[in-house]
Amino acid sequence: MDVELAEVRDFLARCAPFDELPEVVLDRLPATLSLRYHRRGTVILEAGAANDTLHIIRTGAVEVSDPDGTLLDARDEGDCFGYSTLTHPSPSRYRMEAVADTLLLEMPREVFDELAAGHPEVRDFFGERSDRIRQDLASVRLAAAGGDPLNTPVGDLLVRDAVTTSPATTILEAAQIMSRERVSALLVVLDGQVVGIFTDRDLRAKVVAVGGDTAEPVSTIMTPDPVSVDVRTRAFDATLLQIDRSVHHLPVCEDGAPVGMVTSGDLLRLSQADPVYLAARISRAPDADTVATLSARLLPLVGEFVRRGTAPRDIGRVVTATADAATRRLIALAEAELGPPPVPYCWVGLGSQARGELGVASDQDNALILDDAADAVPDADDYFAALADRVCSGLDRAGFPFCPGEVMARNPQWRRTCSAWEQRVRDWVGAPEADAVLNSQVFFDIRAVHGETALVDRVQREMLERSRGSQRFLAHLARIACDWQPPLGFLRGLVVARRGEYRNTLDLKAGGIAPVVQIARLHALSAGLSEVSTRERLDAAATAGVIARSDAENLIEAFRLLRGLALKHHARQVSEGKELDNNVDPSTLGTKDRHRLRAAFRIIASAQGALAITYRVGQM
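In short, a report on the structure. Throughout this document, residue positions are counted from 1 along each chain, in the order its sequence is written. With the structure being a predicted model, the display of local features is reserved for residues of pLDDT at least 70 and the display and counting of side-chain atom pairs for 80 or more, all residues being used for whole-chain, interface and lining totals. Hydrogens are left out, water is left out, and the side-chain values use all remaining heavy atoms of the structure.

Quick notes on the pattern of salt bridges
Criterion for a salt bridge: a side-chain nitrogen of Lys or Arg within 4 Å of a carboxyl oxygen of Asp or Glu. According to the stated counting rule, one finds 36 salt bridges in the structure shown. D237 is the partner of R317 in a salt bridge, and the nearest nitrogen-oxygen pair spans 2.5 Å. With R317 in helix α13 (residues 312-338) and D237 in helix α8 (residues 235-245), the pair connects residues that are 80 residues apart, well separated along the chain. Residues D445 and R355 are paired through a salt bridge, measuring 2.8 Å at the closest nitrogen-oxygen approach. Here D445 is found in the loop between α17 (434-443) and β19 (446-451), whereas its partner R355 is found in helix α14 (residues 351-355), with 90 residues between them in sequence. There is no split in this pair, since D445 and R355 are both buried. Each of R355, E357, D445, R521 and R537 takes part in salt bridges that share partners, so that together they form one network. For the purposes of this entry, the term helix denotes a DSSP run of H or I that reaches at least four residues, the term strand denotes a run of E that reaches at least two, and both are numbered from the N terminus. Relative accessibility decides the category of a residue: with a 1.4 Å probe and only protein chains considered, values under 20% of the type maximum give buried, values over 50% give exposed, and everything between is partly exposed.

A few points about the environment of E216
Along the chain, E216 falls in the loop between α7 (200-208) and β12 (223-224). By relative accessible area, E216 is classed as partly exposed at 35%. Linking E216 and I44, residues 172 residues apart in sequence, is a C-alpha distance of 41 Å. By the convention used here, residues are in contact when the closest approach between their heavy atoms is within 4.5 Å. Excluding residues within four positions of it along the chain, E216 makes contact with T169, T170 and I171.

Topic: the sheet that holds strand β8 (residues 102-108)
Two strands are said to pair when DSSP picks up at least two bridges between them. Read across the sheet, four strands follow the order β1-β8-β3-β6 without closing on themselves; strand pairing throughout is antiparallel. The sheet terminates laterally at β1 (34-38) and β6 (80-81), the two strands that pair on one side only. Pairing of β1 with β8 involves five bridges; the strand directions are antiparallel. In the sheet register, S34 faces β8, and the bridge partner there is E106. Lines fitted to the C-alpha atoms define the axes, with helices restricted to the stretch that makes contact. Angles between their N-to-C directions range from 0 to 180 degrees. Sheet contacts for helix α4 (residues 109-118): β3 (53-59) and β8; angle to β8, the most-contacted strand, approximately 65°.

Quick word on the packing of aromatic side chains
Working definition: rings of Phe, Tyr and Trp (its six-membered ring) pair if their centres are within 6.5 Å, and the pair is stacked with planes under 30 degrees apart, edge-to-face with planes over 60 apart, and tilted otherwise. Within the structure shown, the criterion is met by nine aromatic pairs. The interplanar angle of 45° and the centroid separation of 6.2 Å between the aromatic rings of W414 and F443 together place this pair among those described as tilted. Here W414 is found in the loop between α15 (380-397) and β18 (415-417), whereas its partner F443 is found in helix α17, with 29 residues between them in sequence. Judged by its relative accessible area of 0%, F443 falls in the buried class. Between the aromatic rings of W421 and F443, the centroid separation amounts to 4.3 Å while the plane-to-plane angle is 15°, which identifies the pairing as stacked. With W421 in helix α16 (residues 418-430) and F443 in helix α17, the pair connects residues that are 22 residues apart, well separated along the chain. For the pair W421 and F443, one class covers both residues: buried. An aromatic cluster of three or more residues is present, and its members are W414, W421, W428 and F443. Just above the ring of F11 sits the side chain of R58; from NZ or CZ to the centre is 4.4 Å. The criterion is that NZ of a Lys, or CZ of an Arg, lies within 6 Å of the ring centre and within 35 degrees of the ring normal, and then a charge sits over that ring. If you follow R410 out to its NZ or CZ, it ends over the ring of F402, 3.9 Å from the centre.

As structure tokens, then:
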């Protein structure tokens, strides 16, 4: 057997169901296959077309959709497609498109039929998969007809109990369990708790590819302490978690004990073509142009979320997940071009991105925190300046515009070592002049997007410790929170602009959304709370006793209403091809929404009044 055929044989030996074939059959199989290359964007098989080939993905990625465009699955290395037409002879029911440059091994029908006839495990494997994809399509359509399927608890998606093993199980035994149980991952459990996860990718990358010892315990190559979800977690939240952590399998637990596992495919079949999955596609984009092209799909998809009544908080998290995915992919592309970074670093999102509250009209706010060793590395700043310029420019092209105030990592003022940022925080808090307070309030909404999270944790600790004890600094934040005036008149009626471009409208952001964000930030910093999102800050502040629970809940509800109205306004502007703004004409709202809007502004004005008294804003 020549080298190329031997490599194909070894590859098939790692892929189900070929890993169950007898050695002699596996040895002969590569010579019956052909290789075919498809560029990204190629439709390999169209719905309704004839197909007499089993396609095995050697490298790349393929999406499976139905004729209506419903996304059913995403396949990558080691996966197969096209088998439904082989097990149930008929034209293809599905559309197969390469979403990355893809190399396929192609098996003719006669070879497939011979294998299936002689080896029941092959016939059963592909027969079960063909039946399941039809069931998945029916369940997706049924769920979509009755509401948002992403609200489904992940516990309801489980189709079997957790398949587990112990840390002491050998790698060979673990692989045999996976093959016998027909699963792509095992949960490693000790004393009833998940301590690790072992996947077929681990087996390929950490054992087969490097000639590892299969007699070693599985604990030596498992991923320890994997992120998991509770049975009550919504599919929406689980999907965002998978995208954020770049994992394909999520253990599902009940009262701390593992009860099953959901995969990216399980969740993908629910998310269909939603913005939730858009972030996953961006994370595989081959270049900055593709990042921009994919991100351009966000606006109309968010409009669909608005029409189906998705909560504003969830929409903000989806837009943020898209920005995070674009940022991470652009960073990876920049590093591939520039080479590895000279020192560890952390790219942080600031402002609404940090809070998970990005809207479709948001610009970018970001910064770089560099390891202190950067000061001693020649040309380190040149490297990070180049990286930041590529990423910020890529985000601008992707629909996240440059910040008008230059709060971006490409600005040297927002690109510092960790120690320099700590000193900057001390300066901001110790000398709260106007510019210092404005800059600090953007930076104090901070979250790691990529890189060494320990760096941002260190800066955040300094931030919380310094701000909590500084009444002068907090008073300046209170003044800013009170400067944002809700559009209410003397008799508490709505007040609109009387002239100019936005005549007869009111600004939902300046009059309502921004002051709630400011109020929540102030309460969190005053109590030394690490929460970043507005809702979580208000809830934590109420728990800490710095604001009454009823006041926090009222502000959360006002914030939800205002963001919902802003999103509806933006969705309408997108559909009409208009430039986005936050200025709404109250006469276009229904009577109920106008009453609610007035009530929301009154809640905000009342909270501002309480801050003015507590921090003596009138004396500043």
